[in-house]
Amino acid sequence: MYSRARAALLATVLAAAVAACGIANPLAPDYEYEEDLTLSLDGSASLVVNASVPALDALKSMSLDADVAAGADPIRDELRARYTSPYTSVGRISTWTRHGRRFVGIHLTIPDVRVLPKAALFAGRSYELRPEGALLTFRQTLAQPTAPTVTLPPWRGDEVVAFRLHLPARIRYQNSRYLDRNESRPSARGNIVVWEQRLSERLKGKPIAYAEDRTADVMEVRMDRESILYRTLWLFGIAFAAALLVLAGLIWLTMRRGADTESA
């Protein structure tokens, strides 16, 4: 029991430290490039891009200084300038090293994800969020990466990219798939979906989503039109009202018995 409590405490402290530092979860797979999108029902979103400098050079046609011994401020300034647009605002930018490579984490606030492709670094993509019947459908299509403008270091071949989506409502359908397998992958914790792919496949523009014909490159999710938080608060309100009614009933019964005792 004691060891379990210590393990739980250590996990909590580690998660808090990771959140404070603004870097990817070290217990998660070592992604070479990761986009972590938290979406609201109105289309506003926050996006965290965690990536190695060579991956940004490869996927975004950048030419960043990959020297881990060089200062981080010039890279932060360049990334802030590149990611800032009328459709995005840039928050914290963090840097760290892993496997001898420099990694960066860029935090973005997006007023409306549907117009994000108007930003230069997201050009060629498409984001849809619209009601379809009783559900709300989100679709994201990736762009074909352009040729890098700098010479890249040789890849090992096992590098993985990921697109993680946090949704505010219960998921009814999604087409994520397991890495290297065209098999449907279940969502995590009810409302988190992850699409993974080899970096080599993403550079070639190969499909990332699950499909029986293996041709889908559209990441799609269908969810309830009511947020989980709203539903939780509504249920909490009902439970609270029921508790008040029970308490009122007990008080009434107590007073009624007292009155009956006095009259007797």
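Conventions and cut-offs
- Residues numbered from 1 in each chain as written.
- Predicted model: local features only at pLDDT ≥ 70, side-chain atom pairs only at ≥ 80, totals over all residues.
- Heavy atoms only, no water.
- Phe/Tyr/Trp six-rings, centres within 6.5 Å; stacked < 30°, edge-to-face > 60°.
- Buried < 20%, exposed > 50% of the residue type's maximum accessible area, 1.4 Å probe, protein only.
- Lys NZ or Arg CZ within 6 Å of the ring centre and 35° of its normal.
- Pairing = 2+ DSSP bridges.
- Helix = DSSP H or I, 4+ residues; strand = E, 2+ residues; numbered from the N terminus.
- Axes fitted to C-alpha atoms, helices over the stretch in contact; angles between N-to-C directions.
- Contact = heavy atoms within 4.5 Å.
- Core = buried A, V, L, I, M, F, W, Y, C linked by side-chain atoms within 4.5 Å.
- Patch = residues over 30% accessible without salt bridge, like charges linked within 9 Å, V, L, I, M, F, W, Y side chains within 5 Å.
- Areas by Shrake-Rupley, 256 points an atom, 1.4 Å probe, with all protein chains shown as cover.
- Salt bridge = Lys/Arg side-chain N within 4 Å of Asp/Glu carboxyl O.

Caption draft 1: Region of the structure containing the packing of aromatic side chains. Taken as a whole, this structure holds 4 aromatic pairs when the rule is applied. Centroid distance Trp96 to Phe103: 6.0 Å. Interplanar angle 20 degrees. Geometry classified as stacked. Take Phe103: its relative accessible area is 1%, and that puts it in the buried class. A cation sits over an aromatic face here: Lys60 above Phe122, 4.6 Å from the ring centre. Across the ring face of Tyr178, the terminal group of Arg181 is positioned such that the distance to the ring centre comes to 4.4 Å.

Caption draft 2: Representation of the sheet that holds strand S7 (residues 160-166) in the model. Taken in spatial order, the 6 strands line up as S3-S4-S2-S1-S7-S9 in an open sheet, and their pairing is mixed. The sheet is open, and its two edges are formed by strand S3 (89-98) and strand S9 (192-198), each paired on a single side. Taking each pair of neighbouring strands and ignoring which way they run, the sheet shows an average axis angle of 10 degrees. Where strand S1 (residues 31-39) lies against S7, 7 bridges are found, and the strand directions are parallel. What sits directly across from Tyr31, in S7, is Val160. Helix H3 (residues 73-83) contacts strand S2 (45-52), S3 and strand S4 (101-110) of the sheet and is inclined by roughly 140 degrees relative to S3.

Caption draft 3: Representation of the nonpolar core in the model. Ranked by internal contacts, the top residues of the largest apolar core, which has 48 residues, are Tyr33, Leu39, Leu56, Leu79, Tyr83, Ile106 and Phe122. Other than its neighbours up to four places away in sequence, Leu56 contacts Tyr33, Ala51, Ser61, Met62, Leu64, Leu79, Tyr83 and Val104.

Caption draft 4: Representation of a nonpolar patch on the surface in the model. Side chains of Val246, Leu250 and Leu253 sit close together on the surface and give an oily, nonpolar patch of about 270 Å² of accessible area. With respect to the helices, strands and loops of the structure, Val246 is situated in helix H5 (residues 228-263). Relative accessible area serves as the criterion here: at 53%, Val246 is assigned to the exposed category.

Caption draft 5: How the structure looks around the pairing of strand S5 (residues 126-132). Two strands pair when backbone bridges link them, and S5 and strand S6 (residues 135-141) are joined in this way by 7 bridges, in the antiparallel orientation. Across the sheet, Pro131 pairs through a bridge with Leu136, a residue of S6. Hairpin connection between S5 and S6: a loop of 2 residues separates the two successive antiparallel strands, and Gly133 in this loop has a positive phi of roughly 70 degrees.

Caption draft 6: Region of the structure containing helix H2 (residues 53-60). H2 sits mainly inside the fold: 8 of its 8 residues count as buried. Tucked inside the fold, the buried residues of H2 contact S1, S2, H3, S4, S7 and helix H4 (199-203). Phi for Ser61, located one or two positions after H2, is positive at around 55 degrees.

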